[in-house]
Amino acid sequence: DTGVSQNPRHKITKRGQNVTFRCDPISEHNRLYWYRQTLGQGPEFLTYFQNEAQLEKSRLLSDRFSAERPKGSFSTLEIQRTEQGDSAMYLCASSFFAASYEQYFGPGTRLTVT
Amino acid sequence: DAKTTQPNSMESNEEEPVHLPCNHSTISGTDYIHWYRQLPSQGPEYVIHGLTSNVNNRMASLAIAEDRKSSTLILHRATLRDAAVYYCILKREETSGSRLTFGEGTQLTVNP
């Protein structure tokens, strides 16, 4: 296993368009997290899955944001009707269940909304 | 989330030890102390974590105060590749599946 992968690495879109990002976690991990990072700030938690169940989504920034993990493997994060303020790095991480385990991050998807 | 306090920046010379401090006076008994670092244009990278006892791994050592209200990440011999933002995070299972709450971290500069 080569770690957490994210695609695409970069996405440029026009305001109002929808975008979807994909995350492939480490295969044995049952938890998957999404974070967002803006310039100069630490990553900000958005949502997480345990297997296919989305157990926390109150931190998603608006109802334009949604995430899925249909078979408990890869996950997608969709942003509808993008706004310039959505420009950021979107990071995915995976881990085993429980606070004692570390999270492994992917390289992120850089979104630019023009 | 329990809060951590770190210096905004620190500087070190190459091949010298670096001690990165973190205060977490409101830590609870079930909080794990995790350290991550982030190099420019990369996702965060796990460094080390502990609960009560000091920990060592190939990357670093973690020294935890007896009252657990502070900890120190120790890089034994800094290299230029260690220049990064270092985050000290308290991780608790009950908090959204043990999500990570990042603060501003410490920007470490390593001088050649």
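Note that this is a predicted model, so its numbers are computed, not measured.

Student: Provide a residue-level description of the overall build of chain A, including the pertinent values.
Tutor: Regarding its fold elements, chain A presents zero helices and eleven strands. The N-to-C order of helical and strand elements in chain A reads β-β-β-β-β-β-β-β-β-β-β. For chain A, whose C-alpha radius of gyration is 13 Å, the value lies close to the compact-globule estimate of 13 Å for 114 residues. C-alpha atoms of chain A, sized along the principal axes, occupy 40 × 25 × 25 Å. The burial tally for chain A puts 47% of its 114 residues in the buried class. Put simply, 54% of the contacts in chain A that link residues at least 6 apart link residues at least 24 apart.

Student: Provide a residue-level description of the sheet that holds strand S7 (residues 70-75) of chain B, including the pertinent values.
Tutor: Residue and element names in this part refer to chain B. Taken in spatial order, the four strands line up as S2-S7-S6-S5 in an open sheet, and their pairing is antiparallel. Two strands in the sheet have a free side with no partner beyond their single neighbour: strand S2 (18-23) and strand S5 (55-56). Relative to S7, S2 is paired through six bridges, and the arrangement is antiparallel. Bridging from a neighbouring strand, Cys22 pairs with Ser71 of S7.

Student: Describe the interface of chain B and chain A, and please don't skip the residues or the numbers.
Tutor: Across the boundary between the two partners, chain B contributes 19 residues, which contact 22 residues of chain A. Across the interface of chain B and chain A, roughly 1700 Å² is buried in total on both sides, 52% from carbon and sulfur atoms. Here chain B is connected to chain A by zero salt bridges. Between the two partners, chain B and chain A, sit four residue pairs in polar contact (both at pLDDT 80 or more). Secondary-structure elements contributing two or more residues to the side of chain B that touches chain A are strand S3 (32-38), strand S4 (45-50) and strand S8 (84-91) of chain B.

Student: Explain the packing of aromatic side chains to me, using residue names and the numbers behind them.
Tutor: Going through the model one piece at a time under the given rule, you end up with 14 aromatic pairs over all chains. Measuring from centroid to centroid gives 5.4 Å for Tyr35(A) and Phe105(A), while their planes differ by 45°, and the two rings are tilted. Here Tyr35(A), found in strand S4 (residues 31-37), pairs with Phe105(A), found in strand S10 (residues 104-105); they are 70 residues apart in sequence, far enough to count as distant. Here the aromatic residues Tyr33(A), Tyr35(A), Phe45(A), Tyr48(A), Phe105(A), Tyr36(B), Tyr46(B), Tyr87(B) and Phe102(B) are joined through ring pairs into a cluster of three or more. Lying over the aromatic face of Phe74(A), Arg22(A) brings its terminal NZ or CZ to 3.9 Å of the ring centre.

The rules we used
Residues numbered from 1 in each chain as written. Chains lettered and ligands numbered in written order. Predicted model: local features only at pLDDT ≥ 70, side-chain atom pairs only at ≥ 80, totals over all residues. Heavy atoms only, no water. Helix = DSSP H or I, 4+ residues; strand = E, 2+ residues; numbered from the N terminus. Rg over C-alpha atoms; globule rule 2.2 N^0.38 Å. Buried < 20%, exposed > 50% of the residue type's maximum accessible area, 1.4 Å probe, protein only. Contact = heavy atoms within 4.5 Å. Pairing = 2+ DSSP bridges. Buried area = accessible area lost by both parts, 1.4 Å probe. Salt bridge = Lys/Arg side-chain N within 4 Å of Asp/Glu carboxyl O. Polar contact = N/O pair within 3.5 Å; in protein donor to acceptor, adjacent residues only side chain to side chain. Phe/Tyr/Trp six-rings, centres within 6.5 Å; stacked < 30°, edge-to-face > 60°. Lys NZ or Arg CZ within 6 Å of the ring centre and 35° of its normal.

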